[in-house]
Amino acid sequence: PRDCDTNPSRAFDVNVNGTHQVLKMALESGARKVVFSSSAHVYSIPPLYFPSDELHPLRLNNTYTTTKLLGEQLCELYWTNHGLNYTTLRLYNAYGSGQALGYFIPDMIAKAKTGRISLAGGNTTKDWVFVEDVADAFVKALTTPFVGAINIGTGIETELATIAKAICNATKAGCSITSSPGATRMQADIGRAQGVLGWTPTTTIEEGLDATFNLVKA
């Protein structure tokens, strides 16, 4: 989101025009299915209710969410006008080894390497979903006939403080965490993913963080 707000023209070129080009190519090549990667940010942060299902009102909250919603609508347009099957996956907070700086967990690991993590707003919650579970959802989405949006999360809220403390413990870094009265929450309703895709995340936050730390150390 920060990159999109910094460079809106590139955001629209990549997320909107880029999505259009993929859909156009899929149609021309005879592809049977497109799986579009969207974001839980389309519900706004914080959303109106928890857990948030796919019927939650959508909001053009910033450049990022606007481009994601336009991408979703382009998929719907190609389905309505051309019969190109699609499924949209609205990802919650995916994480794992190899994730770039600018995301919370890599940034906290980088801070820990300096010897100390200082975090304000530790009571903010996210719904963290491990990258291998996300990949499994994409594989399952390729074969479902379902057309529309599906949440990909865990249905579990985890505070930023929990993540930061785990990183401090793993790296032996110092830790200073404070709460904020303006903390936000996120929590997915994954009932549709379970019912439509037969998908349920299998990696706990503890297991996912351990795997991430081990790969980082390696």
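Calculation notes
- Residues numbered from 1 in each chain as written.
- Predicted model: local features only at pLDDT ≥ 70, side-chain atom pairs only at ≥ 80, totals over all residues.
- Heavy atoms only, no water.
- Helix = DSSP H or I, 4+ residues; strand = E, 2+ residues; numbered from the N terminus.
- Buried < 20%, exposed > 50% of the residue type's maximum accessible area, 1.4 Å probe, protein only.
- Contact = heavy atoms within 4.5 Å.
- Areas by Shrake-Rupley, 256 points an atom, 1.4 Å probe, with all protein chains shown as cover.
- Lys, Arg positive; Asp, Glu negative; His and termini not counted.
- Charge placed at Lys NZ, Arg CZ, Asp CG, Glu CD.
- Salt bridge = Lys/Arg side-chain N within 4 Å of Asp/Glu carboxyl O.
- Pairing = 2+ DSSP bridges.
- Axes fitted to C-alpha atoms, helices over the stretch in contact; angles between N-to-C directions.
- Phe/Tyr/Trp six-rings, centres within 6.5 Å; stacked < 30°, edge-to-face > 60°.
- Lys NZ or Arg CZ within 6 Å of the ring centre and 35° of its normal.

Colleague: Would you mind showing me how to read the overall build of the chain here?
Modeller: A count of helical and extended segments in the chain gives 8 helices and 9 strands. The dimensions of the chain, computed from C-alpha atoms along their principal axes, are 55 × 35 × 35 Å. Here the chain holds 218 residues, and the buried ones make up 45% of them. A separation threshold of at least 6 residues defines the contact pool for the chain, and within that pool the share at least 24 residues apart is 84%. Put simply, the chain shows about 11000 Å² of open surface, and 54% of that area lies on carbon and sulfur atoms. A distance of 5 Å separates the average location of the 18 positive side-chain charges in the chain from that of its 19 negative side-chain charges.

Colleague: How should the pattern of salt bridges be read in this particular structure?
Modeller: In this structure the tally under the stated criterion is 4 salt bridges. E54 is paired through a salt bridge with R192; the nearest N and O atoms lie 3.9 Å apart. A residue pair is termed long-range when its members are at least 10 positions apart, and E54 in the loop between β1 (34-39) and α3 (63-82) and R192 in helix α7 (residues 191-197) qualify at 138 residues. Judged by relative accessible area, E54 falls into the buried class, the value being 11%. Close ionic contact of D136 with K140 constitutes a salt bridge, the shortest N to O distance being 3.0 Å. Residue D136 and its partner K140 are located together in helix α5 (residues 131-141), separated by 4 residues, close to a single helical turn.

Colleague: Help me out: how do you make sense of the sheet that holds strand β7 (residues 148-152) in this one?
Modeller: In any sheet, the strands associate via hydrogen bonds between backbone groups, in a parallel or an antiparallel arrangement. Pairing within the open sheet is parallel, and its 3 strands lie in the order β1-β2-β7. Two strands bound the open sheet, and with one partner strand each, they are β1 and β7. Neighbour to neighbour, the strand axes of the sheet diverge by 30 degrees on average, direction disregarded. Inspection of the sheet shows β1 paired to strand β2 (residues 86-91) by 6 bridges, in the parallel sense. The residue of β2 that forms the bridge with V35 is T87. In the packing of α5 onto the sheet, the strands contacted are β1, β2 and β7, and the crossing angle to β2 comes to about 165 degrees.

Colleague: How should the packing of aromatic side chains be read in this particular structure?
Modeller: Any aromatic ring pair is given by two values, namely how distant the centres are and how the planes are angled relative to each other. Taken as a whole and assessed by the stated rule, the structure comprises 3 aromatic pairs. Their ring planes at 40 degrees and their centres at 5.9 Å tell us that F104 and W128 sit as a pair that is tilted. With a gap of 24 residues between them, F104 in helix α4 (residues 104-113) and W128 in strand β6 (residues 128-130) connect regions that are remote in the sequence. Of the two residues examined, F104 and W128, each falls in the buried class. Following the ring pairs from residue to residue traces out a cluster consisting of Y95, F104, W128 and F130. The residue whose ring lies beneath R185 is F50, and the NZ or CZ to ring-centre distance is 4.0 Å.

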